[in-house]
Amino acid sequence: IKWAFLQNWETDMHAAIGAGYEVGIGDEEVLQGDDEARFWASFNKGFDRLHLGATGNYLLAVGSEDALGDSDRVFLHGHADYWVNQYFSPVVELNYYKTVSEGNNKPLPITGVDVANLGGGKDNDVLTAGYGFELRPADAFGVRVAHESPLSDNDGLFGHRWTVSATWSF
């Protein structure tokens with residue numbers, strides 16, 4: 001559920017809050033199957049061609065205690081992009097992952113960051129940086145490519161990763 005309570009196109013300022021629930025229907029043997037409630041807020045502001053954004057997420061473990069998982073976590077993200085022209089924007093991001101509380105299960109001593117809830121990592125915060133670009137070959141279509149790597153000593157199984165996404169606006 002999302003409520004975009006601020007949509008000011010003249011000042012290019014936007015804000016939203018939301019909540020969601022992930023039903024744990026996956027197989028616990030492959031670290032899936034955790035129920036999770038998510039609460040988030042986002043704020044974005046444009047300054048001509050420069051765009052800045054921030055998002056905060058609180059993930060609350062809900063339901064039964066699995067062999068792994070069941071930790072509450074906070075994710076914070078900062079974003080900046082610059083529209084060079086209508087077709088191209090470079091992008092940079094900072095991401096912070098923190099385990100707020102570990103479950104009553106026997107967690108691993110690491111966090112699964114945003115990949116899986118491994119139940120551990122309370123004292124092992126993870127900070128990452130990403131850089132990439134967005135290509136917009138058409139008005140309503142864009143492709144984003146980014147590389148992300150850890151800045152903190154602990155990477156919580158994060159390592160380095162590439163992500164590719166496509167967006168279609170309608």
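Residues numbered from 1 in each chain as written. Predicted model: local features only at pLDDT ≥ 70, side-chain atom pairs only at ≥ 80, totals over all residues. Heavy atoms only, no water.

1. So, the overall build of the chain
The number of helices and strands found in the chain is zero helices and nine strands. The helix and strand sequence of the chain, counted from the amino end, reads β-β-β-β-β-β-β-β-β. In the chain, which comprises 170 residues, the share counted as buried stands at 32%. If you sum the accessible surface of the chain, you get close to 10,300 Å²; carbon and sulfur atoms cover 61% of it. (Helix = DSSP H or I, 4+ residues; strand = E, 2+ residues; numbered from the N terminus. Buried < 20%, exposed > 50% of the residue type's maximum accessible area, 1.4 Å probe, protein only. Areas by Shrake-Rupley, 256 points an atom, 1.4 Å probe, with all protein chains shown as cover.)

2. Observations concerning the pattern of salt bridges
All chains considered together, the criterion is met by five salt bridges. Its salt-bridge partner being Lys98, residue Asp125 comes within 3.3 Å of it at the nearest N-O pair. With Asp125 in the loop between strand 6 (88-101) and strand 7 (126-138) and Lys98 in strand 6, this residue pair connects regions lying 27 residues apart in the sequence. A cluster of three or more residues bridged by salt bridges with shared partners is formed by Glu134, Arg136 and Arg144. (Salt bridge = Lys/Arg side-chain N within 4 Å of Asp/Glu carboxyl O.)

3. Considering the sheet that holds strand 5 (residues 72-82)
Taken in spatial order, the nine strands of this open sheet run 1-2-3-4-5-6-7-8-9, and their pairing is antiparallel. At either margin of the open sheet sits one strand with a lone partner, and together these are strand 1 (2-8) and strand 9 (161-168). Going across the sheet, the axis of each strand differs from the next one's by a mean of 15 degrees, ignoring polarity. Here 10 bridges tie strand 4 (residues 50-62) to strand 5, and the two strands are oriented antiparallel to one another. What sits directly across from Leu59, in strand 5, is Arg73. (Pairing = 2+ DSSP bridges. Axes fitted to C-alpha atoms, helices over the stretch in contact; angles between N-to-C directions.)

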